[in-house]
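The primary structure of each chain is shown beneath.
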Amino acid sequence: MDSIRFNEEDFNGYLEQLIESGRLDLMQSGITKLVIDKGYDALSPKQRKVFDYMIDTNTVESCERCACDIPWCEMLEALDNGGYCNYCQHMMEKLEDE
Ligand SMILES: [Zn+2]
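Conventions adopted
- Residues numbered from 1 in each chain as written.
- Predicted model: local features only at pLDDT ≥ 70, side-chain atom pairs only at ≥ 80, totals over all residues.
- Heavy atoms only, no water.
- Domains from an automatic or database assignment.
- Buried area = accessible area lost by both parts, 1.4 Å probe.
- Salt bridge = Lys/Arg side-chain N within 4 Å of Asp/Glu carboxyl O.
- Donors = N, O, S within 2.8 Å, 3.2 Å for Na, K, Ca; no water.
- Tetrahedral: all angles 85-135°; square planar, octahedral: opposite > 155°, others 65-115°.
- Helix = DSSP H or I, 4+ residues; strand = E, 2+ residues; numbered from the N terminus.

Another point: the domain arrangement of the chain. Here the chain is described as being made up of domain 1 (1–59) and domain 2 (63–98). Inter-centroid distance (C-alpha atoms) of domain 1 to domain 2 is 22 Å. Taken over both partners, the interface formed by domain 1 and domain 2 buries close to 990 Å², and the fraction arising from carbon and sulfur atoms is 65%. Ranking the residues of domain 1 by area buried against domain 2 places Arg-5, Tyr-14 and Arg-23 at the top, with a combined share of 50%. For the pair domain 1 and domain 2, the interface holds 1 salt bridge.

Before going further, it helps to examine the coordination of the zinc ion. Here the zinc ion is held by Cys-63 (SG), Cys-66 (SG), Cys-85 (SG) and Cys-88 (SG), and the distances to it run 2.3 Å. Metal-centred angles of 104 to 115° between the 4 donor atoms at the zinc ion mark the site as tetrahedral. Linear spacing of the donor residues for the zinc ion on their chain is C-x2-C-x18-C-x2-C.

As a further point, take the pattern of salt bridges. For the structure shown, the criterion picks out 2 salt bridges. Across the pair Asp-80 and Arg-23 runs a salt bridge, and its minimum N-O distance is 3.8 Å. In this pair, Asp-80 is assigned in helix H4 (residues 72–81) and Arg-23 in the loop between helix H1 (11–21) and helix H2 (26–38), connecting sequence segments 57 residues apart.

Next comes the structure, spelled out in structure tokens:
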């Protein structure tokens, strides 16, 4: 995951969702809270390593079907549905219904 996307406005919202979801261990959620409060730039190199790993294991880089960037507000859903954006998930559900 490119850290440039950490600057997108709904990134902090996703971090809060991650903490609430119970997916993170104690150290990961502590560092994630720090990023919400102070930003990624405030982390030490060691903390960045933990945070980067957490992000890599809790995000989908791009949609499996259309290859678009998954918006942060859809990321948690994409993790659960196999890596699809909302649009593709919707389209696939529609196809299954027919
Ligand atoms: Zn898609």
